[in-house]
Amino acid sequence: MINSELLPYCMGKPGAEQSVHSDWKATQIKVADVLFAMVHDIDNRPAVSLKTSPELAELLRSENADVRPSARLNKAHWSTVFLDGSLPDSQIYYLVDASYKLAVEALPDVVRQQLSV
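Summarised in this report is the structure supplied together with it. Because the structure is a prediction, the values reported are computed rather than measured.

1. Brief notes about the overall build of the chain
Looking only at helices and strands, the chain has four helices and six strands in total. The order of helices and strands in the chain, counted from the N terminus, is α-β-β-β-β-α-β-β-α-α. Rg of the C-alpha trace for the chain: 13 Å, near the compact-globule value of 13 Å for 117 residues, within the 12% margin. Taken over the C-alpha atoms alone, the chain extends approximately 40 × 30 × 25 Å along its principal axes.

Below you can see the structure in the form of C-alpha cells.
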C-alpha cells in the first residue's frame with residue numbers, strides 16, 4: 001500500500017478534514033479538529049501514524065517490526081505503521097477505523113451527533 005491509496009480511505013470518514021503539517025511534511029487527517037491519522041514518509045517509506053489504546057500499541061509493536069512508536073506524538077497512544085511492510089492492508093484499514101472511532105469518542109455529544117456516525 002502507498003500513501004495515495006490510504007488517503008481516500010481516511011477522507012471517506014464522516015467529517016474528515018485534511019491539512020498539511022509543513023514542519024513534519026505530513027498530511028494530517030482530523031475529525032472536528034481531533035487528529036486520527038497522519039500520513040507521511042519515514043526514511044522514504046510510506047507510513048501512517050494512528051491512535052490506539054496503550055495496550056494495543058504495545059501488542060502491535062511487540063509482534064510486528066513495521067509498527068513503531070510515533071516520533072512526534074504521544075508514544076503511549078500513537079504508533080507509526082509502515083504501509084509497505086508485512087502488516088496486511090485489512091489490518092491497516094482496521095487500525096484507521098479504530099483510530100477514527102477513538103477521535104470521535106473524544107468529541108462532545110453535539111458534534112458527534114452531527115457526524116451521524
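Now, onward.
2. With respect to the nonpolar core
Among the nonpolar cores identified, the biggest contains 25 residues, and Leu6, Val31, Phe36 and Val48 are the most heavily contacted of them. Mapped onto this core, the elements with two or more residues apiece are helix 1 (3–11), strand 2 (26–31), strand 3 (34–42), strand 4 (45–51) and helix 3 (89–105). With six residues, helix 3 is the largest single contributor of residues to this core. Judged by nonpolar contacts, the second largest core, of five residues, contains Ala26, Met38, Leu73 and Trp78.

3. Remarks on the pattern of salt bridges
A complete count under the given rule lists five salt bridges for this structure. Ionic pairing is found between Arg112 and Asp109, a salt bridge with its closest N-O pair at 3.0 Å. Of this pair, Arg112 and Asp109 both sit in helix 4 (residues 109–115), three residues apart, roughly one helical turn. Among the residues examined, Asp109 registers a relative accessible area of 48% and is labelled partly exposed. Among the charged side chains, a salt-bridge network with shared partners connects Arg45, Asp66 and Asp84.

4. A short note on the side chain of Lys13
As for its placement among the helices and strands, Lys13 is situated in the loop between helix 1 and strand 1 (16–21). Among the residues examined, Lys13 registers a relative accessible area of 15% and is labelled buried. Within the local environment of Lys13, its side chain forms a polar contact with the side chain of Asp97, the two groups lying 2.4 Å apart.

5. Things to note about helix 3
The end-to-end C-alpha distance of helix 3, which contains 17 residues, comes to 24 Å, matching closely the 24 Å that a straight helix rising 1.5 Å per residue would cover. Ile92, Leu95, Val96, Ser99, Tyr100, Ala103 and Val104 are the residues of helix 3 that are buried.

6. Examining helix 1
Among the residues of helix 1, Asn3, Leu6, Leu7 and Cys10 are the ones counted as buried. Taken down its axis, helix 1 places every buried residue within 110° of arc, on the same side. In helix 1, the exposed residues that point more than 90 degrees away from the buried face are Ser4 and Pro8.

Cut-offs and rules
- Residues numbered from 1 in each chain as written.
- Predicted model: local features only at pLDDT ≥ 70, side-chain atom pairs only at ≥ 80, totals over all residues.
- Heavy atoms only, no water.
- Helix = DSSP H or I, 4+ residues; strand = E, 2+ residues; numbered from the N terminus.
- Rg over C-alpha atoms; globule rule 2.2 N^0.38 Å.
- Core = buried A, V, L, I, M, F, W, Y, C linked by side-chain atoms within 4.5 Å.
- Buried < 20%, exposed > 50% of the residue type's maximum accessible area, 1.4 Å probe, protein only.
- Salt bridge = Lys/Arg side-chain N within 4 Å of Asp/Glu carboxyl O.
- Polar contact = N/O pair within 3.5 Å; in protein donor to acceptor, adjacent residues only side chain to side chain.
- Expected span 1.5 Å × (residues − 1).
- Arc of directions from axis to C-beta.

It is worth stressing that arrangement in space is one thing and function is another; only the former is reported here.
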